[in-house]
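Observations on the model geometry
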Amino acid sequence: MQIEKLTSVQLDVLREIGNIGAGNAATSMSLLTNQKVDMDVPVVQLIPFGQVMELIGGADELVVAIYLRILGEAPGTVYFIMSLAEAEQLVRQIIHDNSFTLGMEEEIDDFAISALMEAGNILTGSYLSALSDFININMQPSIPNLAIDMAGAILSVGLIELSNVTDYAIVIDTRMNNDEDRNRFKGHFFLLPDTETVPKIFNALGIDYYE
Amino acid sequence: MSSTKQVVKVGIADLNITTAPHSIRTSGLGSCVGCVIYDPVRKIAGLAHIMLPDSSLSRQTKMNDFKYADTALPILVDQLVSAGARKTALKAKIAGGAQMFKFNSQSDMMRIGPRNTEAVICELKKMGIPLIASDTGGNCGRTIEFFAETGDLHIRTVSKGESIL
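Note that the structure is a prediction, hence the values are computed from the model and not measured. (Residues numbered from 1 in each chain as written. Chains lettered and ligands numbered in written order. Predicted model: local features only at pLDDT ≥ 70, side-chain atom pairs only at ≥ 80, totals over all residues. Heavy atoms only, no water.)

Examining the sheet that holds strand 4 (residues 33–39) of chain B
Residues and elements named next belong to chain B. Spatially, 5 strands are ordered 2-5-4-6-7 in an open sheet, and the strand pairing comes out mixed. Here the strands that pair on one side only, and so sit at the sheet edges, are strand 2 (15–19) and strand 7 (131–136). Between one strand axis and the next, the sheet turns through 15° on average, direction left out of account. Relative to strand 5 (residues 44–50), helix 1 (residues 69–82) is tilted by about 165°, and along the sheet it contacts strand 2, strand 4 and strand 5. (Pairing = 2+ DSSP bridges. Helix = DSSP H or I, 4+ residues; strand = E, 2+ residues; numbered from the N terminus. Axes fitted to C-alpha atoms, helices over the stretch in contact; angles between N-to-C directions. Contact = heavy atoms within 4.5 Å.)

This is the structure:
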């Protein structure tokens, strides 16, 4: 299985998948925070493992991530990743308390953790269900997990799933943001399809993988 | 003279070596294991960022030898010896092998951290290299830096700050 080469049509398809998943998630997000949430055009990249961490500021970067495995016919990994400041902003909007801080010096309170978990649940779930509907393949989400840790440690969980087969990951990266207002919520969706999943997606959408 | 000191960086599934007064570092180890092998007298040190335990699991036609414990560590030792380290003097320190997420999954990849740690320890034993210190397991990421001059391994985590092995 070679995933090292993708045609421009195939890249377009993967970009569209990122669009559909994140579009649905952005709507959920907007309802949850009662604010307008925009998203960028997804960036699809086929990159060596080491560069995946660079997409969010390097392996050392402290991030808040909600992660789930896609189980079923088209396995893969979905991440929703925020900086600490972005996660703080998200919790503030959910609990309507502008003075809230995540304060990493002490233990983060259970309430914030559960707000983040719930937001992550909704976002990754709506991302996945849109995706599953679009490509008409059964995709089951695992229970989501929350981690506040270094980007390298968190992203390598998804990379390890690929690593017996390849040294490259297809990363479908969609940013949610709002340029007008810095205080609004931001975040990244990463979709890392397992290698065997990519041809299945193309197949389901009527695109010849080997063309 | 800190300006003359360099930090050699090692990425995921990669390895490299350095000598005093320099240091060698790898960032964001999760379930991966950072294995430092060094000659404390000649002050030569190598670091491998091991991603998987066993190369026999590979389904690649062109495999990256630096990714697996059983293939990366012998290469690291060879590089150290070519750089002037004495094979009999080599010692090791390791860190990483965490389990970042706890959910149930059919995938045995979820237990990959402990398996990586076991594989690295087993490979060191096979090569007769004593393991001097280790900080493995748990569920946190680690960034490590080894100083060839002192033989100290600095380990940084998000919640517990920095410690030295």
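Here's the deal with the UniProt feature "domain: CheC-like protein" (unreviewed entry) in chain A
Feature annotation in UniProt assigns "domain: CheC-like protein" (unreviewed entry) to the following positions: residues 10–44 and 112–145 of chain A. Secondary structure across residues 112–145 of chain A comprises 71% helix and 12% strand; the distance between its end C-alpha atoms is 14 Å. (UniProt positions renumbered as here; feature names shortened; annotations may be inferred.)

As for the sheet that holds strand 3 (residues 23–29) of chain B
Residues and elements named next belong to chain B. An order of 1-3-8-9-10 is seen for the 5 strands of this open sheet, with the pairing classed as mixed. Bordering the open sheet on either side are strand 1 (7–10) and strand 10 (161–164), each of which pairs with just one other strand. Strand-to-strand twist of the sheet, defined as the mean angle between neighbouring strand axes without regard to direction, takes the value 20°. Both strand 8 (residues 142–147) and strand 9 (residues 152–157) contribute to a ladder of 5 bridges, which runs antiparallel. Residue I144 lies in a different strand from strand 9, and its bridge partner there is I155.

Some remarks on the environment of D54(B)
Residues and elements named next belong to chain B. In this structure, D54 sits in the loop between strand 5 and helix 1. For D54, a relative accessible area of 31% gives the class partly exposed. Residues D54 and E118, spaced 64 residues apart in sequence, show a C-alpha to C-alpha distance of 11 Å. Excluding anything up to four places from it in sequence, D54 contacts Y68 and D70. At a separation of 3.0 Å, a polar atom in the side chain of D54 contacts the side chain of S56. (Buried < 20%, exposed > 50% of the residue type's maximum accessible area, 1.4 Å probe, protein only. Polar contact = N/O pair within 3.5 Å; in protein donor to acceptor, adjacent residues only side chain to side chain.)

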